[in-house]
Amino acid sequence: MKKLLLVNDDGINAPGMRALVDTLGEDYDIRIVAPAVQQSAMSQAITIDKKIKVELIEYCPDLFAYKVHGTPTDCVKLALTELYADDLPDIIIAGINDGGNLGTDVIYSGTVGAAMEGYFHGIFSIALSVLRRRDLSFYDIALKFRELLPQLLDSKEKLYNINFPRHFVDRPDFYRYTKQGVCHYINEYRKETDWVTA
């Protein structure tokens, strides 16, 4: 049975991760090392010059998880160099992220950052995301992904960024390989009266 490490940037209690645990648990040996709280847009940030608290918690019956007070990349680094250093995972899956990671998003994404860290360590890694406004549940996505995963494991590539759409369409080319595009953002800030100080 292949060993699968789950990480995310939405936090250890995120429903996307729970859907993956429930749908992949029968076929894979699941390990979880995930941030204690929301860590979106952390890219591949790491914690330096301060301690990282790691807690072992009961995630669900018969499954314990490591809750890390750090970034998604911290989670992967700790998993591979400390927590599972003697029993490395075969696969790392980051997600399921609540929101797409398309184009320029991948530069900011903690989900993609975690998958990239796994790739840098030579481990097959996948970032999974789904668009926010959607007709699909996280369980719909997880079940669809479970069908796809064996095919991905047979491929030559070692890093994937997969984005699921708002709804499924029954067509033979449901999955498409694309090039990274560019997103144009509108920056919005809430300014307090004293937000700039001398």
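Use the structure listed above.
Residues numbered from 1 in each chain as written. Predicted model: local features only at pLDDT ≥ 70, side-chain atom pairs only at ≥ 80, totals over all residues. Heavy atoms only, no water.

### Brief notes about the packing of helix α2 (residues 72–83) against helix α4 (residues 110–120)
At step 1: At a closest axis distance of 8 Å, the pairing of α2 and α4 adopts a crossing angle of 25°. One finds that α2 runs roughly parallel with respect to α4. Classified by chirality, the crossing of α4 by α2 is right-handed. Residues Pro72, Thr73, Val76 and Lys77 of α2 touch α4, and the partners they reach there are Gly110, Gly113, Ala114, Glu117 and Gly118.
At step 2: A per-class count over the contact of α2 with α4 returns three nonpolar, four polar and two charged. (Axes fitted to C-alpha atoms, helices over the stretch in contact; angles between N-to-C directions. Helix = DSSP H or I, 4+ residues; strand = E, 2+ residues; numbered from the N terminus. Parallel < 35°, antiparallel > 145°, perpendicular 65-115°, else oblique. Left-handed = near helix turned anticlockwise from the far one by under 90°. Contact = heavy atoms within 4.5 Å. Nonpolar A, V, L, I, M, F, W, Y, C, P; charged D, E, K, R; others polar.)

### Comments concerning the nonpolar core
At step 1: Residues Ile32, Ile93 and Phe145 are the most contacted members of the largest nonpolar core, which totals 34 residues.
At step 2: The greatest single-element share of this core, amounting to seven residues, is contributed by helix α5 (residues 138–153).
At step 3: Leave out the neighbours within four places in its chain, and Ile32 touches Leu5, Leu6, Ile12, Met17, Val21, Tyr59, Leu63, Ala65 and Tyr66.
At step 4: Within the second largest apolar cluster, 19 residues are counted, among which are Tyr66, Tyr84, Val112 and Ala127. (Core = buried A, V, L, I, M, F, W, Y, C linked by side-chain atoms within 4.5 Å. Buried < 20%, exposed > 50% of the residue type's maximum accessible area, 1.4 Å probe, protein only.)

### Comments concerning the side chain of Glu117
At step 1: Its location among the elements puts Glu117 in helix α4.
At step 2: By relative accessible area, Glu117 is classed as buried at 6%.
At step 3: A polar contact is formed between the side chain of Glu117 and the side chain of Gln44, at a distance of 2.9 Å.
At step 4: Of note is the side chain of Glu117, whose polar atom sits 3.0 Å from the side chain of His121. (Polar contact = N/O pair within 3.5 Å; in protein donor to acceptor, adjacent residues only side chain to side chain.)

### Brief notes about the sheet that holds strand β7 (residues 159–164)
At step 1: Overall, mixed pairing links the seven strands, which are arranged β3-β4-β2-β1-β5-β6-β7 in an open sheet. Each edge of the open sheet carries a strand with a single partner, namely β3 (54–60) and β7. Here the average twist between neighbouring strands, direction ignored, is 25°.
At step 2: Sheet topology note: the strand β5 (residues 91–98)/strand β6 (residues 124–130) ladder contains six bridges and is parallel. Residue Ala94 lies in a different strand from β6, and its bridge partner there is Ala127.
At step 3: Strand contacts of α2: β1 (3–7), β2 (29–35), β3, β4 (63–68) and β5, with the helix running at about 130° to β2, the strand carrying the most contacts. (Pairing = 2+ DSSP bridges.)

### What to know about the layout of surface pockets
At step 1: Here the second largest pocket defines a volume of roughly 270 Å³.
At step 2: Forming the boundary of the second largest pocket are 15 residues, of which Ser40, Ala41, Asn97, Gly100 and Asn101 lie nearest the centre.
At step 3: Elements with a minimum of two residues in the lining of the second largest pocket: β5 and α3 (105–108).
At step 4: Per-class residue counts for the lining of the second largest pocket are three nonpolar, seven polar and five charged. (1 Å grid on protein atoms, 1.4 Å probe; cavity = no way out; pocket = protein on both sides within 12 Å on 5 of 7 lines; lining within 4 Å. Points joined across faces, edges and corners; volume = space filled by probe spheres on them.)

### Observations regarding the environment of Leu128
At step 1: Mapped onto the fold, Leu128 is located in strand β6.
At step 2: Each C-alpha atom, one on Leu128 and one on Ile162, is 5.0 Å from the other, the two residues being 34 residues apart in sequence.
At step 3: Residue contacts for Leu128: discarding those within four places in its chain leaves Leu20, Ile93, Ala94, Gly95, Ile96, Asn97, Thr111, Phe145, Ile162 and Phe164.

### Examining the pattern of salt bridges
At step 1: Applying the stated rule across the entire model yields six salt bridges.
At step 2: As a salt-bridge pair, Asp87 and Lys3 come within 2.8 Å of each other at their nearest N and O atoms. Placement of the pair is Asp87 in the loop between α2 and β5 and Lys3 in strand β1, with a sequence separation of 84 residues.
At step 3: The exposure class of Asp87 is partly exposed, given its relative accessible area of 33%.
At step 4: Two residues, Arg18 and Asp22, come together in a salt bridge whose shortest N-O distance is 3.3 Å. Of the two residues, Arg18 and Asp22 both sit in helix α1 (residues 15–24), four residues apart, roughly one turn of that helix.
At step 5: For Asp22, a relative accessible area of 38% corresponds to the partly exposed category.
At step 6: Through salt bridges that share partners, Lys3, Asp29, Arg31 and Asp87 make up one connected network. (Salt bridge = Lys/Arg side-chain N within 4 Å of Asp/Glu carboxyl O.)

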